[in-house]
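An overview of the molecular structure
In case you want the letters, here they are:
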Amino acid sequence: MARERILIIEDEARIAQFLERGLVYESFRVSVAADGQTGLAMARDNPPDLVVLDWMLPGLDGLEVCRRLRAAGSVAILMLTAKDDIKDRVSGLEAGADDYLVKPFSIDEMIARVRALLRRAPPASQPEILRFADLSLDTGAHRANRQDQAIDLTAKEYELLELFMRNPRQVLTRDVIFDRVWGYNFGGKSNIIEVYVRYLRQKTEIGEASRLIHTVRGVGYVLRED
Ligand code: CA
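In this report, the structure presented in the accompanying data block is examined. Just so it is clear, the structure is predicted and the values come from calculations on it, not from any experiment.

Summed over the entire model, instances satisfying the criterion amount to one aromatic pair. Aromatic side chains Y196 and Y199 sit 5.2 Å apart centroid to centroid with 70 degrees between the ring planes, which places their arrangement in the edge-to-face category. Note that Y196 and Y199 are positioned in helix 8 (residues 192-204) at a spacing of three residues, about one turn of the helix.

The next subject is helix 1 (residues 13-25). Relative to the 18 Å expected for 13 residues at 1.5 Å per residue, helix 1 spans 18 Å between its end C-alpha atoms, a close match to the ideal helical length. Looking one or two residues beyond helix 1, the residue adopting positive phi is S27, at roughly 75 degrees.

Here the focus is the side chain of S136. Relative to the helices and strands, S136 resides in strand 7 (residues 135-138). Owing to a relative accessible area of 14%, S136 belongs among the buried residues under this scheme. Setting aside anything within four residues of it in sequence, one finds S136 in contact with I129, L130, R131, R143, A144, N145 and M165.

Reading the values: rules and limits
Residues numbered from 1 in each chain as written. Predicted model: local features only at pLDDT ≥ 70, side-chain atom pairs only at ≥ 80, totals over all residues. Heavy atoms only, no water. Phe/Tyr/Trp six-rings, centres within 6.5 Å; stacked < 30°, edge-to-face > 60°. Helix = DSSP H or I, 4+ residues; strand = E, 2+ residues; numbered from the N terminus. Expected span 1.5 Å × (residues − 1). Buried < 20%, exposed > 50% of the residue type's maximum accessible area, 1.4 Å probe, protein only. Contact = heavy atoms within 4.5 Å.

Here it is as structure tokens:
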């Protein structure tokens, strides 16, 4: 199995080295960029499987780098931030980050997050087209389609939508969604599920298309016809 390629974009040499050592020890192939421009160029020339991206960078900041990485493709993005503030997390998620780590963190915690993000369903030998109402999801291409409009999804958006499509008309609790999509719990205050449901609604409710992902107040969400 090919070893996964990870790009670290972090200007603080001490932290970059700490991350690099930890990841190399776990047999990942690691490269390091000390600023956003360099990181973007490296990602373009040699696309990584995952980017560990620091929020505070000189020049282009982490949010902008995140937006540009996301615009260029579907690479997994783990953001590092010193700000333990939910508003910052949400703006990072809106810029396309898949997950967060708040400094200081342990190397074990970072490795666990990296593995959770890289973990994918074993390559489907038989890609399927899941269908619900007028929405379809191609499990091979990781793309959705509604009313003949192709919908591009980020890695986490895809996983969340696949979970709904495989469990239609069943109420999924927040705990189940955390466990199945993120692999761990963010804690009671996190609104990451709300943020991702909002993205999916924006992407799937095109034009006159009706709502398919409904909120079940105080419980979770359900995929059903309006
Ligand atoms: Ca930094």
